[in-house]
Amino acid sequence: MKTNIYMVRHAESPYDEGTERTRGLTPKGKADIEKVTGLLINEKIDKIISSPYARAILSVEGLAMHLNLQVETFEDLREFDFGAEMIEFEELMASIREGFKNPDYFLPGAESNAKCQKRAIAILESILNEHKGKKIAVGTHGLVMTLMMNYFDQDYDFDFLNQLSKPDIYKMEFEDLELKEVTRLWKE
């Protein structure tokens, strides 16, 4: 029985607004969400889940309203914990790259790729088991999405993460817990 997971990476979000949990979407991000809704409206989505972060919820909320569905949030789908310390972008990217080479690597106060992947995959596998044959949209983040996809196919790595857009949509087709096919649906 085929189950489809639609990974919806959140739209553009302002880095200078609110907290990691509360920041919303930029005007461009809000406009792009209308396109996300348009792309997914005819996919016959059965369920919508999301990270608890506002930008992820907002990225699937329009679809939920059109389909008269609730967005169910899961704490363990939250963004990767980069730690409390402010670091330069180049150092952050170097640490993310190192995390794909060594999944147990982490910066002080941050989580490792292995830890983040484990928590997110537990939710994804639960959803796949509970909703066999259904179509589920997932409001997510770039690194968490990549780590979930990487669990099933290691081609989804640092280079894949770097080419993602905001938003982005990938349809993952599963038979039971086996990933069969991935299709990018987002067209910029």
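Notes on the structure in this doc start here. No experiment lies behind these values; they were computed from the predicted model shown. Position numbers for residues start from 1 in each chain and track the written sequence from start to end. Only residues with pLDDT of at least 70 get local features here, since the model is predicted, and only at 80 or more are side-chain atom pairs given and counted; chain-wide, interface and lining totals rely on the full set of residues. Excluding hydrogens and water, the side-chain figures rest on all heavy atoms present in the structure.

A look at the environment of leucine 147
Put simply, the rule reads: Helix and strand assignments follow DSSP, with helices taken as H or I runs no shorter than four residues and strands as E runs no shorter than two, numbered in order from the N terminus. Each residue gets one of three labels from its accessible area relative to the maximum for its type: buried under 20%, exposed over 50%, partly exposed in between, using a 1.4 Å probe on protein chains only. Between two residues, a contact is recorded if the distance between any of their heavy atoms is within 4.5 Å.
For leucine 147, the position within the fold is in helix H5 (residues 142-152). We classify leucine 147 as buried; its relative accessible area is 2%. Residues leucine 147 and leucine 161, spaced 14 residues apart in sequence, show a C-alpha to C-alpha distance of 9.1 Å. Those residues in contact with leucine 147 that sit more than four places away from it in its chain are Phe80, Phe100, Asn113, Cys116 and Gln117.

Quick notes on the sheet that holds strand S5 (residues 168-175)
Heads up, the rule is: Think of it this way: DSSP has to see at least two bridges between two strands before they count as a pair. Interaxial angles span 0 to 180 degrees and are taken between N-to-C directions of axes, which are lines fitted to C-alpha atoms, for helices over the stretch in contact.
Spatial strand order, S3-S2-S4-S1-S5-S6: six strands in an open sheet with mixed pairing. Every interior strand has two partners, whereas the edge strands, strand S3 (71-73) and strand S6 (178-184), have only one. Neighbour to neighbour, the strand axes of the sheet diverge by 25° on average, direction disregarded. Of the strands in this sheet, strand S1 (2-9), strand S2 (47-50), S3 and strand S4 (135-140) touch helix H2 (residues 54-67), which is tilted by about 165° from S2. Packed on one face of the sheet, helix H4 (residues 113-130) meets S1, S2, S4 and S5 and runs near 140° to S1.

Considering the environment of glutamate 175
Residue position: glutamate 175 is located in strand S5. Residue glutamate 175 is classed as partly exposed on the basis of its relative accessible area of 40%. Between the alpha carbons of glutamate 175 and leucine 40 there is a distance of 21 Å; along the sequence they are 135 residues apart. Each residue touching glutamate 175, except ones within four places of it in the same chain, is listed here: Met1 and Lys180.

Some details on the packing of aromatic side chains
Here is the rule we go by: Pairs were defined over the aromatic rings of Phe, Tyr and Trp, the Trp ring being its six-membered one, requiring ring centres within 6.5 Å. Orientation was assigned from the angle between planes: stacked under 30 degrees, edge-to-face over 60, tilted for the rest.
Per the stated rule, a full pass over the model turns up five aromatic pairs. An angle of 85° between the planes, with centres 5.0 Å apart, marks the rings of tyrosine 151 and phenylalanine 152 as edge-to-face. Accessibility expressed as a relative area gives 42% for tyrosine 151, which makes it partly exposed. Judged by its relative accessible area of 22%, phenylalanine 152 is partly exposed. Seen in terms of ring centroids, tyrosine 156 and phenylalanine 160 are 4.8 Å apart; in terms of plane orientation they differ by 85°. Their pairing is edge-to-face. Here the aromatic residues Tyr151, Phe152 and Phe174 are joined through ring pairs into a cluster of three or more.

Details of the side chain of aspartate 168
The condition is simple: Counting of polar contacts relies on pairs of N or O atoms within 3.5 Å, with two restrictions inside protein: one atom must be capable of donating a hydrogen and the other of accepting it, and residues adjacent in sequence are counted only when both atoms are side-chain atoms.
With respect to the element layout, aspartate 168 can be found in strand S5. A relative accessible area of 0% means that aspartate 168 is categorised as buried. For aspartate 168, the side chain forms a polar contact with the side chain of arginine 184, separated by 2.8 Å. Beyond its immediate stretch of four places on either side in the chain, aspartate 168 contacts Met7, Val8, Arg9, Arg184 and Trp186.

A closer look at the pairing of S4
The element S4 is largely enclosed, with a buried count of five among its six residues. Where S1 lies against S4, six bridges are found, and the strand directions are parallel. Note that in S4 the partner of methionine 7 across the bridge is valine 138. Bridge count for S2 against S4 is four bridges, and the pairing is parallel. From the neighbouring strand, lysine 47 faces S4, where its bridge partner is isoleucine 136.

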